[in-house]
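Here is how the chains run, residue by residue.
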Amino acid sequence: MVVEAKPSTKGRKSSAANTSKPRSGSGGLSIDPLSSALEGVDPLSALAATQPSHSIAGHQKSTNQRKDSLPREIDDTFEPWSSKRTGILNKFTTSEKLSITTSFLPSGDKDRVVITKPTTTTVSDKVKNRLEQLDDFEEGSVKEMLNLSQQDYMTRIEELNQALICAWNRDQRVKALKIAIQCAKMLADTAVVQFYPSKFVLITDVLDTFGRLVYDRIKEKSSYLPPGGRVPIKLPANFTPDKVPESAKETCRNWFYKIASIRELIPRIYVEMAIMRCYGYLDQGEYSNALNKLTQAIRGIGDPLVSIYARCYLSRVFQYVLLINLI
């Protein structure tokens, strides 16, 4: 008869008991490295205790005020574009000479201007065109202003902005659109890379002006009759597309048709983004459709720098649209 010997567990229990017991020092107390490291006052609590109570209360008050001025969906870390653009203009500067190509330069700058015309083949045509350059400053001829300093460049862009506003106030909508298109074309030039962020800010300011003028013009034509009313009233700030009259919607569509007929990709994208807020007159669902369409169109821009800044402008414009709808 064979008896199977079972292994003894007495030794295991004793060894497990030994390992479960904490190591003790000379005094018999357990020493936990983590507990000893965390003993004492919390550093953050100590720092808070050293600050005056009125400064903490003032910071909390200003934070609460800032939160109250923003929609609930936006936290207090949101930085508006108006404060961001100033930092960009101060940071990205250049000492290199810049140039502007447009049809709306003042006539007093003939010494800096080169008139761009189609190439000619015969000598007589060249002589004729050269003579015409001496006094050809009428609207419609493309002119390039050279050797501009940064301050001169900023001044010329502001002049174009004012020319756009003047043309709009004189009911010259086509001229205003041409100025916006020619300004958008300038964003394709990346010759002076270190100045491009500031150039982006200046040009998009002009585009923002154009978009605001178009939006306000359509809103002026959007008076509607309230239910049971006889006198037309203006659209409220938080209007819905069903309150917009069909005549105003037709005007809005015409603007998008004009912009869609722009042949060059970059100005077509930028000018449409400038009036993106006008989609609110047609249908709230148009915002998402326009966002997807413009995102796909920007992929066609070959220059990576121009492409990323186009996405930046799209994000800023769409963010503004969201803010308007949330407030």
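Residues numbered from 1 in each chain as written. Predicted model: local features only at pLDDT ≥ 70, side-chain atom pairs only at ≥ 80, totals over all residues. Heavy atoms only, no water.

A.B. asks: Provide a residue-level description of the overall build of the protein chain, including the pertinent values.
C.D. replies: Each helix and strand counted, the protein chain has 13 helices and 3 strands in total. Taking all 327 residues of the protein chain together, 34% fall into the buried category. Long-range contacts, defined as pairs at least 24 residues apart, comprise 69% of the intrachain contacts of the protein chain with a sequence gap of at least 6. Here the protein chain displays about 20,900 Å² of accessible surface, and carbon together with sulfur accounts for 54% of that area. (Helix = DSSP H or I, 4+ residues; strand = E, 2+ residues; numbered from the N terminus. Buried < 20%, exposed > 50% of the residue type's maximum accessible area, 1.4 Å probe, protein only. Contact = heavy atoms within 4.5 Å. Areas by Shrake-Rupley, 256 points an atom, 1.4 Å probe, with all protein chains shown as cover.)

A.B. asks: An account of helix α9 (residues 196–220) is requested, with residue identities and associated values reported.
C.D. replies: Its 25 residues give α9 an end-to-end C-alpha distance of 36 Å, which sits within 8% of 36 Å, the value for a rise of 1.5 Å per residue. Most of α9 sits out of view: 18 of its 25 residues are buried. (Expected span 1.5 Å × (residues − 1).)

A.B. asks: So what about the packing of helix α10 (residues 246–260) against helix α11 (residues 265–274)? Which residues, and what values?
C.D. replies: Where α10 contacts α11, the two axes come as close as 9 Å, and the packing angle between them is 160°. One finds that α10 runs roughly antiparallel with respect to α11. Here α10 runs over α11; the crossing is right-handed. Along its contact with α10, which presents Phe256, Ile259 and Ala260, the element α11 presents Arg268, Val271 and Glu272. Tallied by class, residues from the contact of α10 with α11 come to 4 nonpolar, no polar and 2 charged. (Axes fitted to C-alpha atoms, helices over the stretch in contact; angles between N-to-C directions. Parallel < 35°, antiparallel > 145°, perpendicular 65-115°, else oblique. Left-handed = near helix turned anticlockwise from the far one by under 90°. Nonpolar A, V, L, I, M, F, W, Y, C, P; charged D, E, K, R; others polar.)

A.B. asks: Please set out the confidence of the model for the protein chain residue by residue, giving values where relevant.
C.D. replies: Per-residue pLDDT for the protein chain has a mean of 77; in total, 65% of the residues score no lower than 70. Element-level pLDDT for the protein chain is lowest in helix α4 (residues 53–68), with a mean of 45, against a maximum mean of 97 in α11. Below a pLDDT of 50 lies the segment residues 130–138, which in the model reaches 13 contacts outside its immediate sequence neighbourhood of four places, other chains included. (pLDDT = per-residue confidence, 0-100.)

A.B. asks: Account for the pattern of salt bridges, with residues named and values stated.
C.D. replies: For the coordinates displayed, the defined rule picks out 10 salt bridges. Salt-bridge contacts for Arg173 lead to Asp171; the nearest nitrogen and oxygen are separated by 3.1 Å. Residue Arg173 is classed as buried on the basis of its relative accessible area of 18%. Residue Asp171 is classed as exposed on the basis of its relative accessible area of 57%. Connected through salt bridges with shared partners, the residues Glu246, Glu250 and Arg253 form a single ionic network. (Salt bridge = Lys/Arg side-chain N within 4 Å of Asp/Glu carboxyl O.)

A.B. asks: Kindly report on the side chain of Thr190, identifying the contributing residues and their values.
C.D. replies: One can find Thr190 in the loop between α8 (173–185) and α9. A polar contact of 3.5 Å, which involves the side chain of Thr190, links it to the side chain of Asp303. Apart from the residues within four sequence positions on either side, Thr190 is in contact with Tyr196, Asp303, Leu305 and Val306. (Polar contact = N/O pair within 3.5 Å; in protein donor to acceptor, adjacent residues only side chain to side chain.)

A.B. asks: Quick one: what's the story with the packing of aromatic side chains, residue by residue and with numbers?
C.D. replies: Here the structure, examined in full by the defined rule, presents 11 aromatic pairs. For the ring pair Tyr196 and Tyr309, a centre distance of 5.2 Å and an interplane angle of 75° mean the geometry is edge-to-face. One end of the pair, Tyr196, is in helix α9; the other, Tyr309, is in helix α13 (residues 304–326), and 113 residues separate them in sequence. Each of the two residues, Tyr196 as well as Tyr309, counts as buried. Here Tyr215 and Tyr281 contribute two aromatic rings whose centre-to-centre distance is 4.9 Å and whose plane-to-plane angle is 35°, an arrangement assigned as tilted. With Tyr215 in helix α9 and Tyr281 in the loop between α11 and α12 (286–298), this residue pair connects regions lying 66 residues apart in the sequence. Overall, Tyr281 belongs to the buried group, its relative accessible area being 0%. In this arrangement the basic side chain of Arg173 is found over the ring face of Trp168, its NZ or CZ atom lying 4.3 Å from the centre. Arg277 extends its terminal NZ or CZ atom over the ring of Tyr215, reaching a point 3.8 Å from the ring centre. (Phe/Tyr/Trp six-rings, centres within 6.5 Å; stacked < 30°, edge-to-face > 60°. Lys NZ or Arg CZ within 6 Å of the ring centre and 35° of its normal.)

A.B. asks: An account of α10 is needed here, citing residue identities and associated values.
C.D. replies: Between its first and last C-alpha, α10 extends 21 Å over 15 residues, near the 21 Å set by a 1.5 Å rise per residue. Inspection of α10 places Ala248, Lys249, Thr251, Cys252, Trp255, Phe256 and Ile259 among the buried residues, and these make up the whole buried set. Within α10, the buried residues cover an arc of 160° as seen down the axis, which keeps them to one side. Facing away from the buried surface of α10 by more than 90 degrees, the exposed residues are Tyr257 and Ala260. In this structure, the buried side of α10 is in contact with α7 (150–169), α8, α9 and α11. (Arc of directions from axis to C-beta.)

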